[in-house]
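Close look at the chain arrangement
These are the residues of each chain, in order.
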Amino acid sequence: MKKIYIVALFFIATLALASCGGKKGSGMSAAHVKIPKDASAVVGLDLKQLQAKSYSVKDLLKGNLAKELTKDKRAMALLTQAIDAIDTDQKAYMFLKEAEKGSYYAVSFVLKDAEKFKKLFKDELKVIEFKKEGDVQLAMLSPLAPIAIGYKGKTALIMGNQAISSLVPKQRSYDFDDIEEEEEGKSGSLDDAEEEEESPRAKRDRLRKKMEARKKKEQASQAQPMSDDEFKKTFLQVFNTSAAESLQEPAFIASESAGYDVSVWYDINALQKLQKAGMDAEIDRMTESYPLLKELMNMKGTAYAGIKFEKGEAIMEVASHMDKDMAKKYGKLMKTGGEKLARTVPIDKPTGFFSMSLDMNNIFNLLKDDKNAMEGMEMSAKEVEMKPKDLFDTFDGNFVVAVGNFDVNKVMRGSVGSLELVVGVGVNKKENMKKLLKKAISEKTLIDKGNGVYQMKSYSDDEDAQAGFVVEKNNAIYVTPAVKTKDALASGKGGLDASKISGNVYTMYLDLQRVFNNMPEVSKDKEAKVFVEKLKDVTMTMTPFKNDIATGKMVVRFNDSKNALLIISDMVQKATEMQNRRDLSMR
């Protein structure tokens, strides 16, 4: 039971830190906490700014949200005492290191009252004995839990002896049935003579050895916890990080100096290791077959995301500081200019739209040395008497998808003709597009209606069912299921406001009110309406690489002039209260 309290306190206190703070100020100074330079990821919480924009932590602890986090009165009392011991006028950090050896995760913050903090663990939990290690008060919880707790002056550190990747569930790649199925799917794994000579028992033994070898290889690749002595040494090293040993990476410095309420910095390669830890075994094997995919999964560089809660909107800014070679190679794949195509879309009041601009020539140059990728493209190109390069030259790299009004119930029932949808692709070489259309007509998947309008073949048993239309116009090719939209495209009528797209390589916009209004079942749900009525729209954008840095932004706007964090806090509290009332009514 004591172990549960300790572990719960670690995580619940971390959640509480994200919501607390004091009067608005500049946050923690570098003198209090120095993040080690070998950290893989860092989350910074400006507690002053967060509190100035929302409720005090004590008010939150009185609310239903905190009560739902832990209905255990003892745990809640411990959490309250922990908050009383923390200086919520300062900044807090969560950080971790992912490595084959020496992995950890940690929370660091400033204490208001070190004696209260010590009393909480020693006297209230009655399981921890603090011992002095130099000028650090340290308590090792092992073997009760793989956690160390310590403080030095006003600075506190709680650290876990575990790699985060070890907590990520992964489908095993050494399951016997999977290996057998994998081998059966391979052509030429054994020649005919060997296949005839191998008995079922010999095959089973061979596959079992293969399974054991793969199992050992996978287990060896997983980060192992440190010994107690190693963990203690690492804790003290991290706690006493000097200025010379602290994280001074440019992206981290940029995120710290930007004044975000919440910031997240990470080593891209380390984050990808976490992603790979949770990858399906089949996807994991596929990366070995495609060189480009494997390279992307081992990308080097650092990045940060920063969140600011402002009046009526929440803003998240992202910046990727790429390795120079990777930025040079992949940065050329994207371009701007998608607004020209978007303006030709005849939807003036979109529920949402998506736009992307790619450099098709550079994409081809990147893929042409990938044997597996080119084999598929060569087969497709051969069918229309073209070469793979011709397929890439057909399009100019601009893509847009826009949706107007729709009734999700009608669409789900198959009435796609009522869906105001346009998919547009910019055309670079019309002669190549003519070849593609001619091929589709000869195969009777398209019916030429004249004036650049083609009707798609319907595979439905319903004679009145329409599959949609393809329209060739404005140096572009469009697909739409609606007759009205098809006619507007054929007449060259535009209307989509493309101002959000200008200067971006990627843009996504959703009018959240219209989305929910087009989904009757959701709009009738009382709990869903708590969120729906406050949300206005969301816009996501990404800009081209500049000085090896790619930047992006997401803006969520609300139908309320209050600070976004306060709005979100109210939404969560109200939804929790409604859920509590529902639970009571069902008893």
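Residues numbered from 1 in each chain as written. Predicted model: local features only at pLDDT ≥ 70, side-chain atom pairs only at ≥ 80, totals over all residues. Heavy atoms only, no water.

A few points about the overall build of the protein chain
Stated formally: Here a strand is any run of E in DSSP of at least two residues, a helix any run of H or I of at least four, and the numbering for each starts at the N terminus. Between buried and exposed lies partly exposed: a residue is buried under 20% and exposed over 50% of the maximum accessible area for its type, with that area taken using a 1.4 Å probe on protein chains only. Should any heavy atoms of two residues lie within 4.5 Å, those residues are considered in contact. The protein chains shown are the only cover counted for residues, whose accessible areas, like all others here, come from Shrake-Rupley with a 1.4 Å probe.
A tally of helices and strands in the protein chain yields 26 helices and 20 strands. Across the 587 residues in the protein chain, those meeting the buried criterion constitute 44%. Look at the contacts in the protein chain between residues 6 or more apart in sequence, and 72% of them connect residues 24 or more apart. In the structure as shown, the protein chain presents an accessible area of about 31,200 Å², 52% of it carried by carbon and sulfur atoms.

Structural notes on the side chain of Thr302
Inclusion rule: Under the rule applied, a polar contact is a pair of N or O atoms within 3.5 Å (in protein, one hydrogen donor and one hydrogen acceptor; residues adjacent in sequence only if both atoms are side-chain atoms).
Mapped onto the elements of the fold, Thr302 is located in strand S9 (residues 301-310). Judged by relative accessible area, Thr302 falls into the buried class, the value being 8%. Within the structure, the side chain of Thr302 is placed 2.6 Å from the side chain of Glu249, a separation counted as a polar contact. Once residues lying within four places of it in the same chain are set aside, the contact partners of Thr302 are Glu249, Ala251, Trp265, Tyr266, Asp267, Ile268, Ala319, Ser320 and His321.

Regarding helix H18 (residues 371-383)
This is how it is decided: What a helix is expected to span follows from its residue count: subtract one and scale by 1.5 Å. Think of the arc as the fan of directions from the helix axis to the C-beta atoms.
An ideal rise of 1.5 Å per residue puts 18 Å on 13 residues; H18 measures up with 19 Å between its terminal C-alpha atoms. Inspection of H18 places Ala373, Met374, Met377 and Ala381 among the buried residues, and these make up the whole buried set. Viewed end-on, H18 has its buried residues packed into an arc of 85°, placing them on one side of the element. The exposed set on the far side of H18, more than 90 degrees from its buried face, consists of Lys371, Met379, Lys382 and Glu383. Lining the buried residues of H18 we find helix H17 (360-367) and helix H19 (388-394).

Considerations on the pairing of strand S1 (residues 41-46)
Definition in use: Think of it this way: DSSP has to see at least two bridges between two strands before they count as a pair.
Burial within S1 is extensive, with 5 of its 6 residues counted as buried. Both S1 and strand S2 (residues 91-97) contribute to a ladder of 6 bridges, which runs antiparallel. For Ala41, the partnering residue across the bridge sits in S2 and is Leu96.

Some words on the layout of surface pockets
To keep things clear, this is the line we draw: Only protein atoms enter the 1 Å grid used here, on which a cavity is any set of points holding a 1.4 Å probe that cannot leave and a pocket is any open set flanked by protein within 12 Å on both sides along at least five of seven lines; residues with an atom within 4 Å of a point are listed as lining. Grid points are joined across faces, edges and corners, and a volume is the space filled by probe spheres set on the points. In this classification, Asp, Glu, Lys and Arg are treated as charged, Ala, Val, Leu, Ile, Met, Phe, Trp, Tyr, Cys and Pro as nonpolar, and every other residue, Gly included, as polar.
Its volume calculated, the second largest pocket comes out at about 750 Å³. Lining the second largest pocket we find 30 residues, and of these Val318, Ser320, Met542, Phe545 and Ala550 sit closest to its centre. If you list the elements that add at least two residues to the lining of the second largest pocket, you get helix H12 (268-277), strand S10 (313-322), helix H15 (324-330), strand S11 (352-357), strand S19 (535-542) and strand S20 (549-558). Class assignment of the residues belonging to the lining of the second largest pocket gives a composition of 22 nonpolar, 7 polar and 1 charged.

Notes on the nonpolar core
Quick reminder of the rule: For our purposes a nonpolar core is just a set of buried Ala, Val, Leu, Ile, Met, Phe, Trp, Tyr and Cys residues, chained together by side-chain atoms within 4.5 Å.
Ranked by internal contacts, the top residues of the largest apolar core, which has 43 residues, are Phe109, Phe117, Ile149 and Phe558. The next biggest cluster of nonpolar side chains, apart from the first, holds 25 residues, and it includes Tyr93, Val136, Leu138 and Tyr260.

Considerations on H17
Among all positions in H17, only Met360, Ile363, Phe364 and Leu366 are buried. The arc that holds the buried residues of H17, viewed along the axis, is 160°, so those residues lie on one side. With a side-chain oxygen positioned 3.2 Å from the backbone nitrogen of Asn361, the residue opening H17 is Asp359.

Quick word on the environment of Met519
Counting through the fold element by element, Met519 comes out in the loop between helix H23 (512-517) and helix H24 (520-524). Sequence-wise, Met519 and Asp407 are 112 residues apart; in three dimensions their C-alpha atoms are separated by 6.5 Å.

Points about the packing of aromatic side chains
How we decide: We call Phe, Tyr and Trp rings a pair once their centres come within 6.5 Å, taking the six-membered ring for Trp, and we label the pair stacked below 30 degrees between planes, edge-to-face above 60, and tilted otherwise. Lysine and arginine charges are scored as sitting over a ring when NZ or CZ, respectively, is within 6 Å of the ring centre and within 35 degrees of the ring normal.
Applying the stated rule across the entire model yields 10 aromatic pairs. Here Phe117 and Tyr151 contribute two aromatic rings whose centre-to-centre distance is 6.1 Å and whose plane-to-plane angle is 90°, an arrangement assigned as edge-to-face. Of this pair, Phe117 sits in helix H6 (residues 114-124) while Tyr151 sits in strand S6 (residues 147-152), and the two are 34 residues apart along the sequence. Here the two residues Phe117 and Tyr151 agree in accessibility, since each one is buried. Put simply, the rings of Phe109, Phe117, Phe130 and Tyr151 touch in pairs and so form one group of aromatic residues. The ring of Tyr509 carries Lys500 above its face, with NZ or CZ at 4.8 Å from the centroid.

Some thoughts on the environment of Ser142
In this structure, Ser142 sits in the loop between strand S5 (136-140) and S6. Exposure remark for Ser142: the relative accessible area of 22% places this residue in the partly exposed category. C-alpha separation for the pair Ser142 and Asn161, spaced 19 residues apart in sequence, amounts to 9.6 Å. Beyond its immediate sequence surroundings of up to four residues, Ser142 is in contact with Ile147 and Asp228.

Considerations on unusual backbone geometry
Residues other than glycine predominantly adopt negative phi, and peptide bonds predominantly adopt the trans conformation. Phi is positive for Asn475, which is not a glycine, with a value near 55°. Here Asn475 shows up in the loop between strand S16 (469-473) and strand S17 (476-480).

Here's the deal with the pairing of strand S3 (residues 104-110)
The element S3 is largely enclosed, with a buried count of 7 among its 7 residues. In this structure, S2 lies alongside S3, joined through 5 bridges in antiparallel fashion. Bridge pairing links Phe95 to Ala106 in S3. Connecting the antiparallel pair S2 and S3 is a turn made up of 6 residues, with Gly102 showing a positive phi of about 90°. Sheet topology note: the S3/strand S7 (residues 155-160) ladder contains 6 bridges and is antiparallel. Within S7, the residue paired with Phe109 across the bridge is Ala156.

Some remarks on the confidence of the model for the protein chain
Any residue range with low pLDDT should be treated as having predicted coordinates unsuitable for detailed reading. Which entries qualify depends on this criterion: pLDDT measures the predictor's confidence residue by residue and takes values from 0 up to 100.
In this model, the protein chain carries a mean pLDDT of 80, and residues with pLDDT of at least 70 account for 74%. With pLDDT under 50 throughout, residues 1-31 is counted as low confidence; its partners more than four residues away or in other chains account for 86 contacts. Taken as a whole, residues 187-195 scores under 50 in pLDDT and shows 4 contacts with residues more than four places along the chain or in a different chain.

Comments concerning the environment of Lys484
Within the secondary structure, Lys484 sits in helix H22 (residues 483-490). In sequence terms Lys484 and Glu420 are 64 residues apart; their C-alpha atoms lie 8.4 Å from each other.

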